[in-house]
Structures are given as structure tokens and as C-alpha cells.
Amino acid sequence: ELEVRDHVATVVSTLNYENKEDKPLEAVVVFPLPGDAAVCHFTATIGQTQIVAEVKEKQEAREEYDDALSSGQQAFLLEESEQSPDIFSLSVGSLPPGESASIRLEYVTELAVQADDGLRFCLPAVLNPRYQPQGASVQVTSVPASLVPYSLSFSARVSSPRPVSKVESNCSLDPLQYLNPEQTQATVKLAAGHKFDRDVELLIYYKDAHQPIAVVEAGQASAKPGTLMGDPVVMLNLYPEFPQAVMSSVASCGEFVFLLDRSGSMDCPMDRSKRQETRIGSARDTLLLLLKSLPMGCYFNIYSFGYSYQHIFPKSVEYSQKTMEEALKTVEEMGADLGGTEILNPLKHIYSQPCIPNQPRQLFVFTDGEVGNTKEVISLVKKNSGSHRCFSFGIGEGASSALINGLAKEGGGHAQFITGTDRMQPKVMQSLRFALQPAVVDISVTWDLPKGVSVTVLSPPITALFQGQRSLIYAKLTGEVGAAPSHSEIPLCVQMCLCLSPVCRLTVHRLAARTLIRSLEMEERERRGEQDKGVKKKVVEVSVQSGVSSVFTAFIAVNKGDSEAVQGPLVRRNVPTPSELWATILALIWLHGFKVDAQDEWQLLAMKAVSWLLTQNASCVTECVEAGNALLGCNVQKDVLGL
């Protein structure tokens, strides 16, 4: 269930699990969420009993979970990955035979503005396996999408002060239903029969959209005054409009460095319903369009990476007809043939190159985001943010929102997600226009508040402003606001009144807490090794107080009722997510079933495939082999395959 209020979305997901085995189970599911989501509520229902989870320090929560299982109690644990904030792990413990559990998860997130002024909401249904340079730490069990026994029902309610003009999606929708004559409220549902094999993307369009908005949300009555949750919090939503004289002076200089992902996963299809278009093909088309659009007189270079990295020129060269044609020819021949997703080394090499005087460096990154060291990559970009701007493109379904948005945010650039050809060109040209805009520096915000009222800014400093793009600022107000409205004057001549909203859902507080938590987590990573536990302690304190998850905390729920203790040893089951593991097993069955006579030709290839399969540690191999045999009409056993 999705509720969109202007540009803020509240999502409530209900996940239903049933133990169909004859023994008690511990079910573990790894799933994606938007990287900038604030997970703020988690409940579990077994039978007639509902348990509300609490946020606790992560190690304390894990110990409480283990203790509960050891004593035969039912328990639930929800944790954020330490490598990437868009991956969560849910453990459902001590589920007796025949018992069902219903998990209710709530999170809030802001919606990104697109090139055509639409607001983009994405429900990540696809968790692509993440390449782990230093060995896997998040295990994702994979089965073919056709075998995943899940159904997905999805409904959205949209409301705004301005009329809703339309809602579009990459999935089939039922017709938009307006709820009032002004058309400021509407509902839409996902059509029946949706396959659980792609992200659900909604694009919401308002009439006369993107006006500056400010919302002040009252604090929680039960919270202590002076704390984040006890005081009012303001959300400033700014859309800067620069003078025409500034916007017409588009730069004709700059050093444009393009970094293209050529790992094996880039050979996967963009859209699982259109197998002919691959991610590498879309990334190539995006890069070719950018290359042809660069201004004469600038400098450029192109890097590509997998296990290793390559560059077309030893260093950036001046853009001319000759160098452009040489680059175009090389790019057209690039394939997804460089293995794993080692993005750190090429980034380090790019940053080690001296900047060209009077040619501001602009880095464009094209990737499907299948990396496991997301936070390490983002930290490197932030460390070098003073010498460049970073523009990122997420290619294909399931691209990591944490990586793509994080690169752009910390690099002072802009993020785009390309999931098909229909909107690629405007997105590409928007990012190039942003890169050619003069960089805005020395951004400051001053607050003119009533006497007795002070402000604490919770957001990190704004480092990038782009024409028509939203900038958000969260701040906590302390003191007596009184009846007189306060206002904020921005040097872009935007002035607005702030009115106290009687909203009690604490949406703004939780988004503000999420912003503060992410900033503190980044600070903790930068100071790691200094033996300073103060920042981590502050993250845990804000997380527990606000009920918003962090990398150092977890949601824990234990059924402490009078129900009987669950008897017998627990069996662990990793709940599967769809992926491409299926294709390899299917190919092996086909070779053993129909091409035994030519075994000399494919034996070495099959051994290589089996070796790869064994490294995946997937628990669903038996199910895949059975399904493959049924599909192909074969009877090839696991031991024959070498599995």
C-alpha cells in the first residue's frame, strides 16, 4: 500500500509466510528497499497475536533474538546490511508446522524529480546478486522467476494541493480513479497477474508542479522537549530558478570522464519481458548520445571496468572530430566481457590523474549497481568531491538505488535510472545540461525566526544546486514558536511562510532522522580507526529515539505471550529471490540430456559452470534441477551434473 502526499511517499508492505513443512522453521529472507528510505515501523502477527518490534542496538537485538529461539519463543529480526543501505535481512524464527506469520513493514521516502517533471516512485521487487570484491557477506538465494511462488498486490493513493494530471508505470495499471472534483486526490492499482520479476515504477505528474513548499510538523507529545522527536521539525522543499542570463551561459569547457560498467551482469536484459535489449547495449547507447553531444573544445576520456579496467586514451584528450570518431568506434565494440564489478580501482586511478586547469572535471558513471561494497565506493567519491562532480546512471531493473543516488549526492551531481529506451534521451540530455551549468558555490541558508526560537539544521550542507531540481533541508526548531509564522529567506529570492501542521504521523520527523542518521554514519566511516565511539553512540541514540533503522541498530520482536514453547530442532530456510542461476542449471541439463555425443566439445565449459554454481551456495539447486528436468523432459540427476 502506497500513500503519496505531494513528493513524500509512505509505503506499507505486508509479507505473508506459511510453514508448510512438518517441522518448526526459521525463515530468512533478503530483500531490497529504496536506499534513502526511513524504515520506521515493523510488526508481526501470528494467529491472533500481534507483536510490535522495537529498535535496539544491533548486537543487543541479535542476542535477544537468539535467546528467544533457544527458549522456544517466536521472534523476528530485521537488519540493514552493513555494506549497502538498500538491502535488508528479515529472520522469522520458530514458526511451528502449519503456522502462518504476517509481517507488516512501513517506511517513508522522498520521490525524485525526473527530466519530464514527473516524480518517480520505485518499489524494488528485484534484488540482483551483488558482486563482492572481498568475499560475500550478504548471501542471496536465487531461483528462476517462474518458480517464485509469490503474488504481489499493489495500490497507491496520491494527494497534493495541485491536481494530479496522470500516473504512468512500467507495469500494467488499472485506470486512474479520481476521488474529488478538483482531481487533487486519486487512486491507482497494479493490474492482476503481475510477475514478481521487476521493479514496480510509478511516475506521478502534477499540474503546476514543483513550487517551493515548507512543512512544519509538531513534535511527539510523549517525547521529551529538546529532543529530535519532541520538538517541531521543518522540511524546506526548494526549486531554484536562476536568472536567464546565468542559464544561457552554458559552459563550453570541462573534462568529461566516462566510466562504463562492463561486468558480466551487464549482459542481462534491461526488461525481462524484452530479452533482446541488454544493459550493456543501453549503456552504450547512452554513452554514444553523450559523446556526440559534448561541446567542442572540452576534454574527455572513457574508462570501462570489470575485474580490471581499461581506458581509451592514456589521459584526457581534447574533443575533436577525430578523437570523437575514435571513441565512438571503440565504444560501439564494447561488450559485457570484463568479469566482476571492481569499481573502486578505476575510480582511484581517475582521481589520481591531475585536473586540467580551467576544465572542471565531470565524472559520468554507468552501472547496473551490482556491487557489494557500496559504502566504500560512496566514501571514495565524497573524499574527492572537491575536485569533480559525479553524475550517475543506473542501468536496468534492480539497479542499486543506494549506489546510484549516493554517487550523485556525495559527488555534487545528479542521478538517473534508465530502465528502457522510451525516456533515455531526455534523461541523458538533462544530466549533460546540468554538467554544463556553472557550478554553484558558497551556498548558505539564513533563518529569520521569532525571538526565543532557535534552529538546528539536520541536513548536511547543500553542495549542488541545479535549475528546476529540488533541494531539501530538514531542521529542528526549539523554543516557543507562538502564533506568528516564521519564514526562511533564501539568496535566490524565495520567501515563504511556515505554518504548523497538525499531522501526527511524524513523517517529517522520520525523514529528518533518516537524513541525520545517514550523515552521522558517513562521519563514522570517515573517522573509523580513531577509537572514537561517540558518533556510533549518537547514531544508535537517534535511531532508537526516532524508531528509524540504521546500520548500527535492528528491529527486534519477541512473542512473550503464554503460547507453548516451540518443540524440536529448528530448520533454517533461506526464502528465495529470482535471479539468473536458473539459466546455468537449465543449460547443463540440456547438454547432459541431448548432447552427450558431443561431450568432448562442452565438458570443460560445463566444469567451469558447475564450479561457479558451487560458489553460489544456493539452497534451491534441487528445486531448479527438478524444474529443469520437467521443462525439458529429461531425467538428469544432480550427481551426474556434478552438483
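All values reported here derive from a predicted model rather than from experimental measurement.

Colleague: An account of the pairing of strand β28 (residues 415-418) is needed here, citing residue identities and associated values.
Modeller: Here β28 shows two buried faces, one formed by A415 and F417 and the other by Q416 and I418. One ladder, built from four bridges, connects strand β27 (residues 388-395) with β28; its direction is parallel. The residue bridging S392 from the neighbouring strand is A415, located in β28. The handedness of the β27 to β28 crossover, carried by helix α7 (residues 401-410), is right-handed.

Colleague: Outline the sheet that holds strand β17 (residues 200-206), listing residues and values.
Modeller: Spatial ordering of the open sheet is given by β10-β11-β17-β14, a layout of four strands whose pairing is antiparallel. Of all strands in the sheet, those bounded by a partner on one side alone are β10 (112-113) and β14 (164-169). Of the strand pairs in this sheet, β10 and strand β11 (residues 119-123) are connected by two bridges, and their pairing is antiparallel. Across the sheet, residue V113 finds its bridge partner in β11, namely L119.

Colleague: Give a detailed account of the pattern of salt bridges, specifying residues and quantitative values.
Modeller: Tallied over the entire structure, the rule returns 18 salt bridges. The residue R104 makes a salt bridge to E106 at a minimum N-O spacing of 3.7 Å. Residue R518 pairs with E521 through a salt bridge whose shortest N-O separation is 2.9 Å. One end of the pair is R518 and the other is E521, both in helix α9 (residues 507-526) and three residues apart, which spans about a single turn. For R518, a relative accessible area of 17% corresponds to the buried category. Each of E80, K375, R518 and E521 takes part in a single network of salt bridges with overlapping partners.

Parameters at a glance
- Residues numbered from 1 in each chain as written.
- Predicted model: local features only at pLDDT ≥ 70, side-chain atom pairs only at ≥ 80, totals over all residues.
- Heavy atoms only, no water.
- Buried < 20%, exposed > 50% of the residue type's maximum accessible area, 1.4 Å probe, protein only.
- Helix = DSSP H or I, 4+ residues; strand = E, 2+ residues; numbered from the N terminus.
- Pairing = 2+ DSSP bridges.
- Right-handed = clockwise from strand over helix to strand, strands pointing away.
- Salt bridge = Lys/Arg side-chain N within 4 Å of Asp/Glu carboxyl O.

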